[in-house]
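Now for the letters of each chain:
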Amino acid sequence: MNVPLLMVVAGIACMAWFAGAIAAPQYQVQIVSAYPHDPKAFTQGLLFAHGELYESTGQKGHSTLRRVEVETGRILAEHALDDRYFGEGLAMVDDRLIQLTWKSGTGFVYGRKSLKKLRSFRYSGEGWGLTYDGQRLIMSDGTAVLRFLNPDSFKQTGSLTVTHLGKPISQLNELEMVNGELWANLWRYNLILRINPENGHVTGVVDASSLRKSLTGPYKIDVLNGIAYDAENKRLFLTGKWWPTLFQVKIQPRGK
């Protein structure tokens with residue numbers, strides 16, 4: 001993604017603002033386990049279901065939907081997108097996988113078990129992150145406004161502006177529901193925002209920069225972007241774009 005200089009400056013200011021803000025509790029991550037992850041996967045969407053990971057990867061000509069074995073990183077099944085599409089956010093509704101694309105205004109629906117494409121749908125603007133709260137799809141598009149979509153018709157049913165200390169927070173990327181709370185990667189930074197899905201208020205900031213710093217090897221490593229929650233076993237998984245590792249982590253209050 002190419003970003004105007006003004007947006008970069010704004011993002012840096014946003015990072016500094018969060019670091020100095022005491023209104024939102026700050027957290028850090030503790031590594032529980034580390035598993036192999038495809039270092040060629042430009043991770044855009046991630047979720048855990050039925051004992052396996054489902055992942056949407058980006059980059060034109062390399063975008064995929066895949067089912068992955070957690071412990072080995074082995075790709076169990078894969079669907080390649082047409083070269084004109086840039087894969088983005090991913091959510092699961094019942095036995096359907098819903099995948100966004102970046103700038104084409106097109107989303108796809110797949111069968112969870114087969115990864116066979118069932119249909120496509122259209123939306124306005126860009127597609128970034130996607131998750132499902134049990135009733136509605138929640139979609140990010142790079143702005144501070146999240147959209148609520150009907151999970152069957154994909155029509156927009158509402159919207160919500162994410163704010164902290166009264167200020168809108170943009171660059172929201174990959175999304176995940178964690179114990180009824182909405183978590184969002186902040187693009188270009190190794191930060192995760194914890195968001196109240198009813199009013200859009202940021203309730204906490206998770207600093208996952210230690211994960212990025214722990215990565216070594218001859219890999220083209222980009223930023224954190226991948227949150228998957230195993231609700232049954234209370235496990236949280238994090239990874240990033242072109243990361244060679246998938247981390248299982250615990251969240252702890254950040255020391256002063």
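Remember, it's a predicted structure, so these values are computed and weren't measured experimentally.

Caption draft 1: Examining unusual backbone geometry more closely. Phi at Q59 takes a positive value of approximately 85°, unusual for a residue other than glycine. The topology assignment puts Q59 in the loop between β3 (52-57) and β4 (64-68). The phi dihedral of D94 is positive, around 55°, even though this residue is not glycine. Mapped onto the elements, D94 comes out in the loop between β6 (87-93) and β7 (96-101). Relative accessible area serves as the criterion here: at 61%, D94 is assigned to the exposed category.

Caption draft 2: Quick look at the sheet that holds β3. The strand order across the open sheet formed by four strands is β2-β3-β4-β5, and the pairing between neighbours is antiparallel. Because the sheet does not close on itself, it has two edges, and the strands there are β2 (43-49) and β5 (75-80). Averaged over all neighbouring strand pairs, the angle between strand axes comes to 15°, with direction disregarded. Note: β3 against β4, five bridges, orientation antiparallel. Across the sheet, residue L53 finds its bridge partner in β4, namely V68.

Caption draft 3: The pairing of strand β8 (residues 106-111), seen in detail. Of all six residues in β8, six are buried, a share of seventy percent or more. Side chains of β8 alternate between two faces, with T106, F108 and Y110 and G107, V109 and G111 buried alike. Taking the residues that link successive antiparallel strands as the turn, the β7-β8 hairpin has four residues, and the phi of G105 there is positive, at about 65°. In terms of strand pairing, β8 meets strand β9 (residues 117-122) through five bridges, oriented antiparallel. In the sheet register, V109 faces β9, and the bridge partner there is R119. Hairpin connection from β8 to β9: five residues lie between these consecutive antiparallel strands, with L115 at a positive phi of about 60°.

Caption draft 4: Representation of the sheet that holds strand β10 (residues 130-132). The strand order across the open sheet built from four strands is β10-β11-β12-β13, with neighbouring strands paired in antiparallel fashion. The open sheet has two edge strands with one neighbour each: β10 and β13 (156-161). Averaged over all pairs of adjacent strands, the angle between their axes in this sheet comes to 25°, without regard to strand direction. Bridge count for strand β12 (residues 145-149) against β13 is five bridges, and the pairing is antiparallel. Within β13, the position partnered with L146 by the bridge is L160.

Rules and cut-offs
Residues numbered from 1 in each chain as written. Predicted model: local features only at pLDDT ≥ 70, side-chain atom pairs only at ≥ 80, totals over all residues. Heavy atoms only, no water. Helix = DSSP H or I, 4+ residues; strand = E, 2+ residues; numbered from the N terminus. Buried < 20%, exposed > 50% of the residue type's maximum accessible area, 1.4 Å probe, protein only. Pairing = 2+ DSSP bridges. Axes fitted to C-alpha atoms, helices over the stretch in contact; angles between N-to-C directions.

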